[in-house]
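What the coordinates show
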Amino acid sequence: MPLKPKVTVIGAPMDLGAGRRGVDMGPSAIRYAMLQKRLESVGLDVLDAGNLEVPVVESLPGPAPGSKLKFETEILDVCKRLESVCYDSFEQGRLPVVLGGDHSLAIGSIRAAIRANPGAGLLYFDAHGDCNTEKTTPSGNIHGMSLAALLGLQFFSQAAIEPQRTALIGLRSVDQGEKKLLRDLGVTVYTMHEIDRYGMGPVVEEALRMVGPKAHLSFDLDCLDPDIAPGVGTPVKGGLSYREAFLALELIAEAGVVTSVDMVELNPILDQKNATGELAVSLIAAALGERIL
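Presented here is a report on the structure given in the accompanying data block. The structure presented is a predicted model; accordingly, all values stated were derived computationally and were not measured.

Rules and cut-offs
- Residue numbering note: each chain is counted from 1, following its sequence as written.
- Selection of residues for local features in this predicted model requires a pLDDT of at least 70, selection of side-chain atom pairs for listing and counting requires 80 or more, and totals for whole chains, interfaces and linings are taken over all residues.
- Only heavy atoms go into the side-chain values, all of them from the structure, while hydrogens and water stay out.
- A run of H or I in DSSP counts as a helix once it spans at least four residues, and a run of E counts as a strand once it spans at least two, with each numbered from the N terminus.
- Exposure classes here rest on a 1.4 Å probe applied to the protein chains alone. A residue is buried below 20% of its type maximum, exposed above 50%, and partly exposed in between.
- The contact definition used throughout considers only heavy atoms, calling two residues in contact when any of these lie within 4.5 Å.
- For this analysis, a polar contact is any N or O atom pair within 3.5 Å, provided that within protein one partner can donate a hydrogen and the other can accept it, and provided that sequence-adjacent residues contribute only side-chain to side-chain pairs.
- To define a nonpolar core, start from buried Ala, Val, Leu, Ile, Met, Phe, Trp, Tyr and Cys residues and group those joined through side-chain atoms within 4.5 Å.
- Points on a 1 Å grid over protein atoms alone make up a cavity when a 1.4 Å probe fits among them but cannot get out, and a pocket when they form an open set with protein on both sides within 12 Å along at least five of seven lines; lining residues each have an atom within 4 Å of a point.
- Grid points are joined across faces, edges and corners, and a volume is the space filled by probe spheres set on the points.
- Polar here means any residue outside two lists: the nonpolar Ala, Val, Leu, Ile, Met, Phe, Trp, Tyr, Cys and Pro, and the charged Asp, Glu, Lys and Arg; Gly therefore counts as polar.
- Each Phe, Tyr or Trp ring (for Trp, its six-membered ring) is paired with any other whose centre lies within 6.5 Å, and the angle between the two planes then decides the class: stacked below 30 degrees, edge-to-face above 60, tilted in between.
- Look at NZ for Lys and CZ for Arg. If either is within 6 Å of the ring centre and within 35 degrees of the ring normal, a charge sits over the ring.

A look at the environment of Val78
Its location among the elements puts Val78 in helix 3 (residues 72–91). A relative accessible area of 1% means that Val78 is categorised as buried. Placed 23 residues apart in sequence, Val78 and Pro55 show a C-alpha to C-alpha distance of 9.0 Å. Sequence-distant contacts of Val78, that is, excluding residues within four places in its chain, are made with Met14, Leu52, Glu53, Val54 and Pro55.

Considerations on the side chain of His216
Counting through the fold element by element, His216 comes out in strand 7 (residues 215–220). One polar contact links His216 to Asp262, side chain to side chain, over a distance of 2.8 Å. Ignoring sequence-local partners within four residues, the contact set of His216 consists of Ser109, Ile110, Ala113, Gly121, Leu122, Leu123, Thr259, Ser260, Val261 and Asp262.

Here we look at the nonpolar core
Of all hydrophobic cores here, the largest spans 55 residues; its most connected members are Leu123, Phe125, Leu224, Ile252, Leu283 and Leu288. For this core, the leading source of residues is helix 10 (residues 275–287), giving eight residues. Sequence-distant contacts of Leu123, that is, excluding residues within four places in its chain, are made with Ala167, Ile169, Ala207, Leu208, Val211, Ala215, His216, Leu217, Ser218, Ile252 and Val257. Ranked by size, the runner-up nonpolar core spans 25 residues in total, among them Leu52, Val54, Leu60 and Cys86.

With respect to unusual backbone geometry
Following Gly100, the chain continues to Gly101 via a peptide bond in cis, the omega torsion being 10 degrees. In this structure, Gly101 sits in the loop between strand 3 (95–100) and helix 4 (106–116). Of note, the phi angle at Phe71 is positive, near 60 degrees, even though the residue is not glycine. Backbone geometry at Asn274 places phi at a positive 60 degrees, although glycine is not the residue there.

Quick notes on the layout of surface pockets
Of the volumes computed, that of the largest pocket is approximately 350 Å³. Lining the largest pocket are 25 residues; nearest its centre among them are His128, Asp130, His143, Gly144 and Thr234. Across the lining of the largest pocket, the residue classes break down as four nonpolar, 13 polar and eight charged.

Focus on the packing of aromatic side chains
The final tally for this structure, using the stated rule, is two aromatic pairs. Relative to Phe246, the ring of Tyr242 lies with its centre 4.7 Å away and its plane at 35 degrees, an arrangement referred to as tilted. Of this pair, Tyr242 and Phe246 both sit in helix 9 (residues 242–255), separated by four residues, roughly a single helical turn. One residue, Arg111, lies across the ring of Phe156, its end atom 4.0 Å from the ring centre. The ring of Tyr87 carries the charged tip of Arg115 above its face, separated from the ring centre by 3.8 Å.

Geometry only, nothing functional implied.
Shown next, in the form of structure tokens:
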């Protein structure tokens, strides 16, 4: 399997883009669940680069006058620095694994992935569309705008990703404004309806054909059903089962397409004995080649 043998773990302890506090502790919870040891057991050379510095909410002012977006300047600054760190990892021949933190960090990690691998696709697992703009957002939370930014609809005039090589998997909570934007752009969306109807195997196989030989994997833990992943800030019932999630990541690993990984939206405050943190470690390991036999 054409996987990179060297991995760089990068913590992005940001909760500025989320509506609930706590996801800034996600990187620590994943590390506490023995991520490095688990990845080394898969045969990977693991370097932990520590955490990016992220300001805390209490130290910051509210939205700028005339804007309803929360912490826009600070989030984009963190994303710019994350893009730089991830790109440096690619330049060193290492595969970046970014630990979140809220999903707004994907603005930085995915831009780095596409810079390093022009034309690469995107496999984006999430319960939500993350395609709101300043005009459509009901909350002003930027973790619901990551895809809009990457598609050139918000913050940037030029798209970083190609809509036709972008696959959203596991959606079940999409705002009205997002629905129109996703349809107009031609992004392929596999909602829980498609997964229930056709099965996870066929859905992922089709997504892999679409994204091509290289793809960034961005995995929001709220795509999972809350029964197995209670430690997320925006849970939505009816999500992926334990085996559906692992089948998806095992198929993706077998295809050898993964250039980089985000594991985001773990909220230890809402978790139960770090069960979601431990699950996140197992999912990362599966995406990078761990097998039962």
